[in-house]
Amino acid sequence: MEEKVKKTMSYESKNMIVAFSIMIGVVLLVTLAGFLLLKPEAEIIMGQAEAEVVRISGKVPGRILAYNFEEGQSVKQGDTVVLINTPEIYAKLEQAQAMNSAAEAQNNKAHNGLRPEQLSSAYELWQKAKAGLEIAEKSYQRIQNLYNKGVIPAQKRDEAEANYKSMQATERTAHSQYQLALKGAQKEDKQLALALVKQSEGALSEVDAYLKEGALISPIDGEVSEIFPHVGELVGTGAPIMNLVNLDHMWVVFSIREDLLKDIKMGTKLKAFIPALDNKEITLKVSFIKDMGTYAIWKATKTTGQFDAKTFEVRAKPDGKILDLRPGMSVILKK
């Protein structure tokens, strides 16, 4: 009987130990499940790939004549991408060319002097004046002799003297005209003529520069991302015509709260992946950090004891060129 009682007590002890073990196991499982379920998920920060964009626009107004490239096509630096029809500039070119021709003719005239025929004419007029002076001088001397003898009145002598002096002035004037013809234009006239030539050449250069604006070239190697006006439409000075994107100059932009910036500094290398490229992993280097603006009135703390977290723009550049990466693609950064 005693032996039977002992067996019964031993059996109950074993059952209690098993039940206690099961209870402890359940508690451990519940604790582990709660820990796993309540564990905060990793912060996921999403950014966007961006690239350098160059806007093509012209200096002169006109109509779009033709596009040499379509959206999505690649261009090389120096390629002519669009032609603009500018008839007003061609009219100004004709005016500038006419002004330049007139200025060069005036300059040649000033430096070359009179033509041989004009020089010969001036010399002949001087010789004629000299001959007239000689005759007037001889006539005056005869009249003076006769007046001294009392043969003629004083009036005749005065008339002869006046004629003689007049011929002297005429001879001096003719001689001066001949000397001017020999020397040509004055120094100041030559300088003025040369200045007019340079002015007209400057006007030609200006018009030529405007004409070159009728054929717009690409300043970079890139890809045509957008075309704004259609062929035949009128565009004004500085109006955007097309955008070129430089796929060799790309970066990723993240918007990150300041409480997540602890491990992100200038030059920090980040690990990220690109969903559009089959979650391809890439390495980025932080190159720019700047706050994204604040409210007009900003409070340092809230009444609840929390603080206002500002958002910062963080730019990071890939270590190298990433094949097939396009502007606008999402880039995921895990914290």
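Right, let's walk through the structure included here. (Residues numbered from 1 in each chain as written. Predicted model: local features only at pLDDT ≥ 70, side-chain atom pairs only at ≥ 80, totals over all residues. Heavy atoms only, no water.)

Thoughts on the nonpolar core
Thought 1: In this structure, F254, I256, I274, L284 and V331 are the most contacted members of the largest nonpolar core, which totals 26 residues.
Thought 2: Residue assignment for this core shows that the elements contributing at least two residues are β1 (44-57), β8 (240-257), β9 (269-274), β10 (280-291), β11 (311-318) and β12 (330-334).
Thought 3: The next biggest cluster of nonpolar side chains, apart from the first, holds 16 residues, and it includes I64, V81, I220 and M242. (Core = buried A, V, L, I, M, F, W, Y, C linked by side-chain atoms within 4.5 Å. Buried < 20%, exposed > 50% of the residue type's maximum accessible area, 1.4 Å probe, protein only. Helix = DSSP H or I, 4+ residues; strand = E, 2+ residues; numbered from the N terminus.)

Topic: the sheet that holds strand β2 (residues 62-67)
Thought 1: Overall, antiparallel pairing links the four strands, which are arranged β5-β4-β2-β7 in an open sheet. This sheet does not close on itself; its edge strands, each paired only once, are β5 (215-217) and β7 (234-235). (Pairing = 2+ DSSP bridges.)

Looking at the environment of L216
Thought 1: Summarising the element assignment, L216 is placed in strand β5.
Thought 2: Judged by its relative accessible area of 5%, L216 falls in the buried class.
Thought 3: Once you skip the residues sitting within four places of it in the chain, L216 turns out to touch I56, S57, G58, D79, T80, V81, V82, I84 and I241. (Contact = heavy atoms within 4.5 Å.)

Quick look at unusual backbone geometry
Thought 1: Although it is not a glycine, D278 sits at a positive phi angle of roughly 60 degrees.
Thought 2: Position of D278 relative to the elements: it lies in the loop between β9 and β10.
Thought 3: One non-glycine residue with positive phi stands out, namely D324, at about 75 degrees.
Thought 4: By secondary structure assignment, the location of D324 is in the loop between β11 and β12.
Thought 5: Note on D324: relative accessible area 53%, which makes it exposed.

Thoughts on the pairing of strand β4 (residues 80-85)
Thought 1: In this sheet, β4 lies alongside β2 in antiparallel orientation, the contact comprising four bridges. When the sheet's bridge partners are listed, R63 is paired in β4 with N85.
Thought 2: Pairing between β4 and β5: three bridges, direction antiparallel. Its bridge partner being in β5, L83 is matched across the sheet by A215.

Observations concerning the pairing of β8
Thought 1: Taken together, the eleven bridges between β1 and β8 define a ladder with antiparallel strand orientation. Across the sheet, A49 pairs through a bridge with V252, a residue of β8.
Thought 2: Summarising the sheet, strand β6 (residues 222-227) and β8 pair through four bridges and their orientation is antiparallel. Along β8, the bridge assignment pairs V224 with L244.
Thought 3: Here β8 pairs with β11 via six bridges, running antiparallel. What sits directly across from V252, in β11, is A316.

Observations concerning the side chain of E223
Thought 1: Position of E223 relative to the elements: it lies in strand β6.
Thought 2: Take E223: its relative accessible area is 11%, and that puts it in the buried class.
Thought 3: Within the structure, the side chain of E223 is placed 2.5 Å from the side chain of R326, a separation counted as a polar contact. (Polar contact = N/O pair within 3.5 Å; in protein donor to acceptor, adjacent residues only side chain to side chain.)

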